[in-house]
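Close look at the chain arrangement
Residues per chain are reported as follows:
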Amino acid sequence: MAAHNLGTELDLSWISKVQVNHPAVLRRAQQVQARRTVKKEWQAAWLLKAVTFIDLTTLSGDDTSSNVQRLCYKAKYPIREDLLKALNMHDKDITTAAVCVYPARVCDAVRALKAAGCNIPVASVATGFPAGQTHLKTRLEEIRLAVEDGATEIDVVINRSLVLTGQWEALYDEIRQFRKACGEAHLKTILATGELGSLTNVYKASMIAMMAEYFQSSLFRSKERTERAGSDFIKTSTGKETVNATFPVAIVMLRAIRDFFWKTGNKIGFKPAGGIRSAKDALAWLSLIKEELGDEWLKPELFRIGASTLLSDIERQIYHHVTGRYAAYHDLPMS
């Protein structure tokens, strides 16, 4: 992953002036949805690229060490070897960007990936996922435990009530504490946009998450050095809300990322999650990132897709491209 976001001081004057043009956002979203996707060889290439952005996820109450192990194996071998050979991509080391699990399953994931001989990052949701309504002390401890168990990326959820009541200083301070608890792990801040009430709130919450900075003093070559860090990614949803990743919300968040970059020079990553299930969906998301932020953001360090079933459809489409027929269920098992 890229270097940490340095964050900035809280700038409430910036936040107070924000107004989102709702009709304009909806028109832009309709343009994205109406666009035709790429075809044939170009489509196969883009789909393989999409695989490398996936945070392959299992967040179920019945998760066990065995299904986490299968998930990790699929993360290392996301597309059948014969299909990759047919595309002359078998030697490109195509894997998913990360695996994402509950904190209690981080050890299982770390162990499985080590046994598979790969260094795919383990991401863990934390801070009372998905509601974020547990005590702050408990949420911070959950981050620390996940990091101790080997998670190198932490997907936190914010307290949505702070956004709905306009408590921007409190939200800024909460995310600063999340950043501190993460240590060296990268911080992905989930906004749960479907529960924030308006697109203006989505923009403001995005900006606060990117601003939130944590100062840390350390010794470097016998000299004291002060480091600053904030959210490395902003993420749309937990995947558990009624409304998850949508294009209008994404457009607002991407414009916030672009504004933050123009003002600070810091590149913040973006992660849509929830409801992204088809290869066609994935292509639309890649196209949106390319148009709104440019090719610089089309890399795993700055773009992820949180998904559990998307990979299966991508592999099914690649199978069709290679063989000319659609796969039966048993042709593409999960592991």
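What you are looking at is a predicted structure, and each value in this text was computed from that prediction instead of being measured.

The rules behind each value
- Residues numbered from 1 in each chain as written.
- Predicted model: local features only at pLDDT ≥ 70, side-chain atom pairs only at ≥ 80, totals over all residues.
- Heavy atoms only, no water.
- Helix = DSSP H or I, 4+ residues; strand = E, 2+ residues; numbered from the N terminus.
- Rg over C-alpha atoms; globule rule 2.2 N^0.38 Å.
- Buried < 20%, exposed > 50% of the residue type's maximum accessible area, 1.4 Å probe, protein only.
- Contact = heavy atoms within 4.5 Å.
- Areas by Shrake-Rupley, 256 points an atom, 1.4 Å probe, with all protein chains shown as cover.
- Lys, Arg positive; Asp, Glu negative; His and termini not counted.
- Charge placed at Lys NZ, Arg CZ, Asp CG, Glu CD.
- Salt bridge = Lys/Arg side-chain N within 4 Å of Asp/Glu carboxyl O.
- UniProt positions renumbered as here; feature names shortened; annotations may be inferred.
- Phe/Tyr/Trp six-rings, centres within 6.5 Å; stacked < 30°, edge-to-face > 60°.
- Pairing = 2+ DSSP bridges.
- Axes fitted to C-alpha atoms, helices over the stretch in contact; angles between N-to-C directions.

Turning next to the overall build of the chain. Regarding its fold elements, the chain presents 13 helices and ten strands. Its C-alpha radius of gyration of 20 Å places the chain within 12% of the 20 Å reference for a compact globule of 335 residues. Taken over the C-alpha atoms alone, the chain extends approximately 55 × 45 × 40 Å along its principal axes. In the chain, which comprises 335 residues, the proportion classed as buried is 52%. Of all intrachain contacts in the chain linking residues separated by at least 6 positions in sequence, the fraction that spans at least 24 positions is 77%. Of the roughly 15,500 Å² that the chain leaves accessible, carbon and sulfur atoms contribute 50%. When the 44 basic and 37 acidic side-chain charges of the chain are each reduced to a single mean position, those positions are 4 Å apart.

Looking now at the pattern of salt bridges. For the structure on display, the rule yields 25 salt bridges. When the shortest N-O distance is used, the salt bridge between aspartate 55 and lysine 188 registers 3.6 Å. Here lysine 188 lies in strand β5 (residues 186-190) and aspartate 55 lies in strand β1 (residues 54-57), a separation of 133 residues in the sequence. The class of aspartate 55 is buried, set by a relative accessible area of 0%. Arginine 316 is the partner of aspartate 313 in a salt bridge, and the nearest nitrogen-oxygen pair spans 3.0 Å. With aspartate 313 and arginine 316 both in helix α13 (residues 310-323), this residue pair falls three residues apart, about one helical turn. What makes aspartate 313 buried here is its relative accessible area of 15%. Judged by relative accessible area, arginine 316 falls into the partly exposed class, the value being 32%.

UniProt tags Lys235 and Lys271 as "active site" (unreviewed entry). In three dimensions, the annotated residues from a span of 37 residues occupy one location, with a maximal C-alpha spread of 4.5 Å. Filtering out sequence-adjacent residues up to four positions away, lysine 235 remains in contact with Asp155, Thr189, Ile190, Leu191, Ala192, Met253, Lys271 and Ala273. As for its position among the elements, lysine 271 is in strand β9 (residues 269-271).

Turning next to the environment of leucine 298. Mapping leucine 298 onto the fold places it in the loop between α12 (279-292) and β10 (305-307). As a C-alpha pair, leucine 298 and lysine 49 span 249 residues in sequence and 9.0 Å in three-dimensional space. Ignoring any residue separated from it by four or fewer positions in sequence, one finds leucine 298 in contact with Trp46, Lys49, Phe53, Leu286, Ile289, Lys290 and Phe303.

Glancing now at the packing of aromatic side chains. The final tally for this structure, using the stated rule, is six aromatic pairs. Between phenylalanine 270 and tryptophan 285, the aromatic rings sit 6.3 Å apart at their centres with planes inclined by 35°, giving tilted as the arrangement. Pair noted here: phenylalanine 270 is in strand β9 and tryptophan 285 is in helix α12, with a separation of 15 residues, a long-range link. Judged by its relative accessible area of 3%, tryptophan 285 falls in the buried class.

Here the focus is unusual backbone geometry. For residues besides glycine, phi is generally negative; the peptide bonds are generally trans as well. The residue after phenylalanine 129, namely proline 130, is reached through a cis peptide bond having omega 0°. Tracing the backbone through its elements, the reader meets proline 130 in the loop between β3 (122-126) and α7 (136-148). In this structure, aspartate 93 is a non-glycine residue whose phi angle is positive, near 55°. With respect to the helices and strands, the residue aspartate 93 is situated in the loop between α5 (81-86) and β2 (98-101). Judged by relative accessible area, which is 65%, aspartate 93 ranks as exposed. Positive phi outside glycine occurs at alanine 192, with the angle close to 50°. On the secondary structure map, alanine 192 appears in the loop between β5 and α10 (199-211). When its relative accessible area of 0% is taken as the criterion, alanine 192 is described as buried.

This part covers the sheet that holds β5. Across the sheet, which stays open at both edges, the eight strands sit in the order β9-β8-β5-β4-β3-β2-β1-β10 with parallel pairing between neighbours. Bordering the open sheet on either side are β9 and β10, each of which pairs with just one other strand. The mean inter-strand angle of the sheet, taken between neighbouring strand axes irrespective of direction, is 25°. Alignment of β5 against strand β8 (residues 233-235), held across three bridges, turns out to be parallel. Within β8, the position partnered with lysine 188 by the bridge is phenylalanine 233. Together, β1 and β10 form the strand contacts of α13, whose direction differs from that of β1 by roughly 120°.

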